[in-house]
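Secondary and tertiary structure notes
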Amino acid sequence: MTMDVKRITFGPVPSRRLGQSIGINNIPPKICTYSCIYCQLGKTYTLQITRTPFYTPQEIVAAVKQKIQDAKEKKEAINYLTFVADGEPTLDVNLGEEIELLKTLGIKIAVITNSSLIWKKDVRDDLRKADWVSFKIDTVDQEIWHRINRPHGSLKLRDILDGMSEFSHSFKGDLVTETMLIQDVTDGAEGLEKVASFIVGLSPKKSNISIPIRPPAVKGVKSSDINKINRAFQIFKEQGIEVEYLIDYEGNAFAFTGNIEEDLLGIMSVHPMREDGVRELLSKANASWSIIEKLLVQKKVIQTEYNGEKFYMRKLLNKPRTIKEGEF
Ligand code: SF4
């Protein structure tokens with residue numbers, strides 16, 4: 001195997017969205033259609049929109065097969081093979097063929113795309129072959145789009161939004177969306193209402209709200225605060241969207257353990273809990289409000305308000321952390 005082929009796969013890693021997943025990095029660093037201000041991979045070296053071959057489909061499949069073999073030997077389960085690249089995965093002109101070849105391995109295929117090439121028919125045809133597709137929708141406003149995603153000069157936001165709508169009507173797999181909240185850029189209520197209205201039209205299975213949890217490409221780019229994250233969550237929810245947030249928090253809270261404290265933290269790590277919801281769960285577990293008081297004192301949980309209601313959420317990490325290899 002060449003050095004490049006070794007770079008193609010990583011994991012399996014636990015993914016909040018996909019379970020245990022092998023990552024496929026089908027784009028060399030860092031070639032993208034965008035140069036997002038929050039990108040965790042740093043500045044885009046090559047800003048392009050022309051689809052090109054980077055590896056042969058056979059190289060990709062060989063690298064994935066090797067990873068699957070390694071995982072099997074360690075008795076690790078694999079739920080998804082996920083295209084999550086050091087750039088935009090749909091720039092790979094062989095993506096459709098790679099998905100077809102990988103499907104024969106009997107594991108579901110996911111693609112995390114920034115959606116910028118979805119106006120191209122060949123990209124829609126390729127993505128339709130996947131089982132799970134995530135679209136980036138940070139904004140539906142032209143000016144904010146230029147500010148946050150810094151797209152290639154030939155891209156047009158209207159075409160991208162239309163392409164997403166067209167794809168969503170014919171896609172048989174699971175469609176999800178991801179919206180990045182950046183302080184004073186994408187976290188305004190009016191803009192988020194428009195994003196939510198657009199997302200409703202796509203009927204996604206789920207929408208994720210995220211914040212940058214690793215050092216961003218542009219210095220000074222900040223995540224929204226907890227109140228704005230909660231407000232964004234409520235705006236999406238009010239429009240009937242199945243929403244979760246992908247934020248970072250202190251400690252590990254994947255587990256549903258039967259331990260009320262751990263369970264509360266687990267729920268609060270993906271969405272805010274309204275006070276009455278917290279009280280209901282506590283009463284089912286015959287536990288008292290003192291647990292919440294303790295978590296507030298320990299700063300594991302934060303109280304926030306929206307429309308006069310109290311909500312409880314996991315505390316965010318204070319500082320962005322450095323990316324670990326293969327994480328997504
Ligand atoms: S689309 Fe993804 S890879 Fe490309 S610049 Fe934005 S965050 Fe980075």
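Residues numbered from 1 in each chain as written. Predicted model: local features only at pLDDT ≥ 70, side-chain atom pairs only at ≥ 80, totals over all residues. Heavy atoms only, no water.

**Comments concerning the site of the ligand**
Around the ligand sit Lys30, Cys32, Tyr34, Ser35, Cys36, Tyr38, Cys39, Thr44, Asn114 and Lys136, and those are all the residues in its vicinity. Residue classes in the shell around the ligand are distributed as five nonpolar, three polar and two charged. (Near = heavy atom within 4 Å. Nonpolar A, V, L, I, M, F, W, Y, C, P; charged D, E, K, R; others polar.)

**Here's the deal with empty space enclosed by the protein**
In the structure shown here, the tally under the stated rule is one cavity of 30 Å³ or more. Surrounding the largest cavity, 13 residues form its lining, Tyr34, Lys136, Ile137, Thr139 and Trp145 being those nearest its centre. Elements with a minimum of two residues in the lining of the largest cavity: helix H5 (142-149) and helix H6 (157-170). No other element matches the four residues that H6 contributes to the lining of the largest cavity. Class assignment for the residues of the lining of the largest cavity results in seven nonpolar, four polar and two charged. (1 Å grid on protein atoms, 1.4 Å probe; cavity = no way out; pocket = protein on both sides within 12 Å on 5 of 7 lines; lining within 4 Å. Points joined across faces, edges and corners; volume = space filled by probe spheres on them. Helix = DSSP H or I, 4+ residues; strand = E, 2+ residues; numbered from the N terminus.)

**Topic: the sheet that holds strand E13 (residues 309-314)**
Taking strand neighbours across the sheet as the criterion, the three strands line up as E11-E13-E12 in an open arrangement whose pairing is antiparallel. Looking along the sheet, the strands with just one partner apiece sit at the ends: strand E11 (273-274) and strand E12 (301-306). Those strands touched by helix H9 (residues 260-268) are E11, E12 and E13, and its axis lies near 100° from that of E13. Relative to the sheet, helix H11 (residues 290-297) contacts E12 and E13, its axis offset from that of E12 by approximately 105°. (Pairing = 2+ DSSP bridges. Contact = heavy atoms within 4.5 Å. Axes fitted to C-alpha atoms, helices over the stretch in contact; angles between N-to-C directions.)

**Here we look at the pattern of salt bridges**
Pairs can form between side chains of opposite charge once their charged atoms are near each other. Under the definition given, this model contains 18 salt bridges. The salt bridge partner of Arg158 is Asp162, with a shortest N-O separation of 3.1 Å. Linking Arg158 with Asp162, this pair stays in helix H6, spanning four residues, or about one helical turn. Asp162 sits in the partly exposed class, given a relative accessible area of 38%. Among the charged side chains, a network of salt bridges with common partners joins Arg51, Asp122 and Asp126. (Salt bridge = Lys/Arg side-chain N within 4 Å of Asp/Glu carboxyl O. Buried < 20%, exposed > 50% of the residue type's maximum accessible area, 1.4 Å probe, protein only.)

**Some details on the pairing of strand E6 (residues 108-113)**
For E6, a buried count of five out of six residues is recorded, marking the element as mostly surrounded by other parts of the structure. Note: strand E5 (residues 80-83) against E6, four bridges, orientation parallel. When the bridges of E6 are listed, Thr82 appears paired with Ala110. With respect to chirality, the unit in which E5 leads through helix H3 (residues 95-103) into the neighbouring parallel E6 is right-handed. Sheet topology places E6 next to strand E7 (residues 132-136); four bridges connect them, and they run parallel. Bridge pairing in E7 links Ile112 to Ser134. With respect to chirality, the unit in which E6 leads through helix H4 (residues 121-127) into the neighbouring parallel E7 is right-handed. (Right-handed = clockwise from strand over helix to strand, strands pointing away.)

**A short note on the packing of H9 against helix H10 (residues 275-284)**
Contact pair H9 / H10: the axes reach a minimum separation of 11 Å and the direction vectors enclose 155°. With respect to each other, H9 and H10 are oriented roughly antiparallel. The interaxial crossing formed by H9 with H10 has right-handed handedness. Across from Ile260, Leu264, Ile267 and Met268 in H9, the residues of H10 making contact are Val278, Leu281 and Leu282. In terms of residue class, the contact of H9 with H10 is built from seven nonpolar, no polar and no charged. (Parallel < 35°, antiparallel > 145°, perpendicular 65-115°, else oblique. Left-handed = near helix turned anticlockwise from the far one by under 90°.)

**Description of unusual backbone geometry**
Glycine aside, the phi torsion of most residues is negative, and most peptide linkages are trans. With an omega dihedral of 5°, the bond running from Gly11 to Pro12 counts as a cis peptide bond. The backbone of Asp184 sits at a positive phi, close to 60°, despite the residue not being glycine. Structurally, Asp184 can be placed in the loop between strand E8 (174-180) and helix H7 (189-202).

**Thoughts on the nonpolar core**
Nonpolar side chains in soluble globular proteins tend to end up buried together. If you look at the biggest cluster of nonpolar residues, it comprises 77 residues, and the most contacted ones within it are Leu81, Leu102, Leu127, Phe135, Met164 and Phe236. The residues contacting Phe236, other than those within four sequence positions of it, are Thr179, Leu192, Val195, Ala196, Ile199, Ser207, Ile209, Ile241 and Val243. Counting 14 residues, the second largest nonpolar core, distinct from the first, contains Ile260, Leu264, Ile267 and Met273. (Core = buried A, V, L, I, M, F, W, Y, C linked by side-chain atoms within 4.5 Å.)

**Structural notes on the side chain of Thr177**
Turning to its location among the elements, Thr177 is positioned in strand E8. On the accessibility criterion, Thr177 (0% relative accessible area) is buried. A polar atom in the side chain of Thr177 sits 2.8 Å from the side chain of Ser207. Ignoring anything within four residues of it in the chain, the contact list for Thr177 reads Ser134, Phe135, Ile137, Ile199, Leu202, Pro204, Lys206, Ser207 and Asn208. (Polar contact = N/O pair within 3.5 Å; in protein donor to acceptor, adjacent residues only side chain to side chain.)

**A word on H6**
Its 14 residues give H6 an end-to-end C-alpha distance of 21 Å, which sits within 8% of 20 Å, the value for a rise of 1.5 Å per residue. Taken together, the buried positions of H6 are occupied by Leu157, Ile160, Leu161, Gly163, Met164, Phe167 and Ser168. Looking down the long axis of H6, one finds its buried residues gathered within 160° of arc, a one-sided arrangement. Facing away from the buried surface of H6 by more than 90 degrees, the exposed residues are Arg158 and His169. (Expected span 1.5 Å × (residues − 1). Arc of directions from axis to C-beta.)

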